[in-house]
Amino acid sequence: MSIFIPRKSFLASGLLRGATDVHCHLLPGVDDGARNFTESLEALRRLYELGVERLYLTPHVMSDVHKNTRSYLLDAFEVFVSRFENFAYRKIPKLKLAAEYMLEPAFEKRCKEGLLTFADAHVLVETSYITPPVGLTSILERLLEKGYSPVLAHPERYRYMDGEEFFGLKNLGVKFQLNMLSLAGAYGKDVRVKSERMLRKDMYDFAGSDFHHLEAHEPFLEARALSKKMAAALKQLFENNKTLW
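Asks: Tell me what's going on with the nonpolar core, and back it up with residues and numbers.
Replies: Counting residues in each nonpolar core, the largest one holds 66 residues, and the members touching the most others are Phe-10, Leu-26, Leu-57, Leu-95, Tyr-101, Phe-176 and Leu-234. In terms of residue count, helix α2 (residues 37–50) provides more of this core than any other element does, six residues in total. By size, the runner-up hydrophobic cluster in this structure holds nine residues, among which are Ala-98, Leu-124, Ala-153 and Phe-206.

The following block contains the structure:
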């Protein structure tokens, strides 16, 4: 019998009260997340109501969204946050900018531009869900040599990665970020089971929402997918998130 018997939703568990979220796509109009300011504002206000106090905006940086250079995203972020000065009612989480980098050939160019990071050195990275990039280990080793601390987003979602690959990356010094809705089945049963197993084995360092759209996200926050032990493990990951702020 699994020790992770579903008992409480994310909301009922209280995990989001005072939370720092390190992964979301709510900088409007730059990727496949929030489409405009109004949509982003609605989501941010709702997250604040749910208890989220601090939030990293982490837009995708990859070949498919070539406009997302460091300078472009910094300008977009500045314009975005400046608009809140016109709102008397500003009950939203505190915001900072980082990015989610696809590990692909163009990533070397992004490194030369300068990376958008958590707490100066932690950089959120991802790969294709189906196949690893050529030289994945070498790419991560070079990041480490440059003084960065790579944080691999949602490793439970990579079909090609399991067991030995996970332990190899952890031994290298790569940190793992759980998508919390993986545990609620948002990405299917296989991902849910994998994330439970990894959480049980203390493979994760941080947790994030990977928030894109309110209508797709909130139903899973209500899902009864957490046992007491799972909630306790997640609470520690959210505590770890605070160290990135």
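Asks: Give a description of the pattern of salt bridges that names residues and reports values.
Replies: Inspection of the entire model under this criterion finds twelve salt bridges. Among the salt bridges present, the one from Lys-170 reaches Asp-205, with a minimum N-O distance of 2.5 Å. Taken together, the residues span a long stretch of sequence, with Lys-170 in helix α6 (residues 164–172) and Asp-205 in the loop between α7 (189–200) and β9 (206–208) at a distance of 35 residues. Lys-170 gets classed as partly exposed once you look at its relative accessible area, which sits at 23%. You can call Asp-205 buried: its relative accessible area is 19%.

Asks: Can you tell me about the environment of Ser-82, naming the residues and giving the values?
Replies: Within the secondary structure layout, Ser-82 lies in helix α3 (residues 70–83). When its relative accessible area of 31% is taken as the criterion, Ser-82 is described as partly exposed. Each C-alpha atom, one on Ser-82 and one on Pro-133, is 38 Å from the other, the two residues being 51 residues apart in sequence.

Asks: Explain unusual backbone geometry to me, using residue names and the numbers behind them.
Replies: A positive phi is found at Asp-120, a non-glycine position, where the angle reads about 80°. Looking at where Asp-120 falls in the secondary structure, it is placed in the loop between α4 (107–113) and β6 (122–126). Asp-120 sits in the exposed class, given a relative accessible area of 71%. Of note in this structure, Asp-202 is not a glycine but carries a positive phi near 60°. Within the secondary structure, Asp-202 sits in the loop between α7 and β9. Accessibility expressed as a relative area gives 63% for Asp-202, which makes it exposed.

Asks: Which residues make up the sheet that holds strand β5 (residues 100–102), and what are the values?
Replies: The pairing of strands in a sheet happens through backbone hydrogen bonds and is either parallel or antiparallel. Spatially, β3-β5-β6-β7-β8-β9 is the arrangement adopted by the six strands of the open sheet, whose pairing is parallel. The open sheet has two edge strands, β3 (60–61) and β9, and neither has a second partner. Contacts from helix α9 (residues 228–242) reach β8 (175–179) and β9 within the one sheet, and its direction differs from that of β9 by about 90°.

Thresholds applied
- For every chain, the first residue of the written sequence is number 1, and numbering continues from 1 along that sequence.
- Residue-level local features of this predicted model are given only where pLDDT is at least 70; pairs of side-chain atoms are given and counted only at 80 or more, and the full residue set underlies all totals for whole chains, interfaces and linings.
- Side-chain measures here rest on the full set of heavy atoms in the structure, leaving out hydrogens and waters.
- To qualify as a nonpolar core, a set must consist of buried Ala, Val, Leu, Ile, Met, Phe, Trp, Tyr and Cys residues joined through side-chain atoms within 4.5 Å.
- Burial classification: accessible surface area is computed with a 1.4 Å probe over protein chains only, and a residue below 20% of its type maximum counts as buried, one above 50% as exposed, and the rest as partly exposed.
- Working definition: helices are DSSP H or I runs of at least four residues, strands are E runs of at least two. Numbering for both runs from the N terminus.
- A pairing counts as a salt bridge when a side-chain nitrogen of Lys or Arg comes within 4 Å of a carboxyl oxygen of Asp or Glu.
- Only strands joined by at least two bridges in the DSSP assignment are considered to pair.
- Contacts were defined at the residue level, with two residues in contact if any of their heavy atoms lie within 4.5 Å.
- Helix axes are fitted to C-alpha atoms over the stretch in contact, other axes to C-alpha atoms as well, and angles between N-to-C directions run from 0 to 180 degrees.

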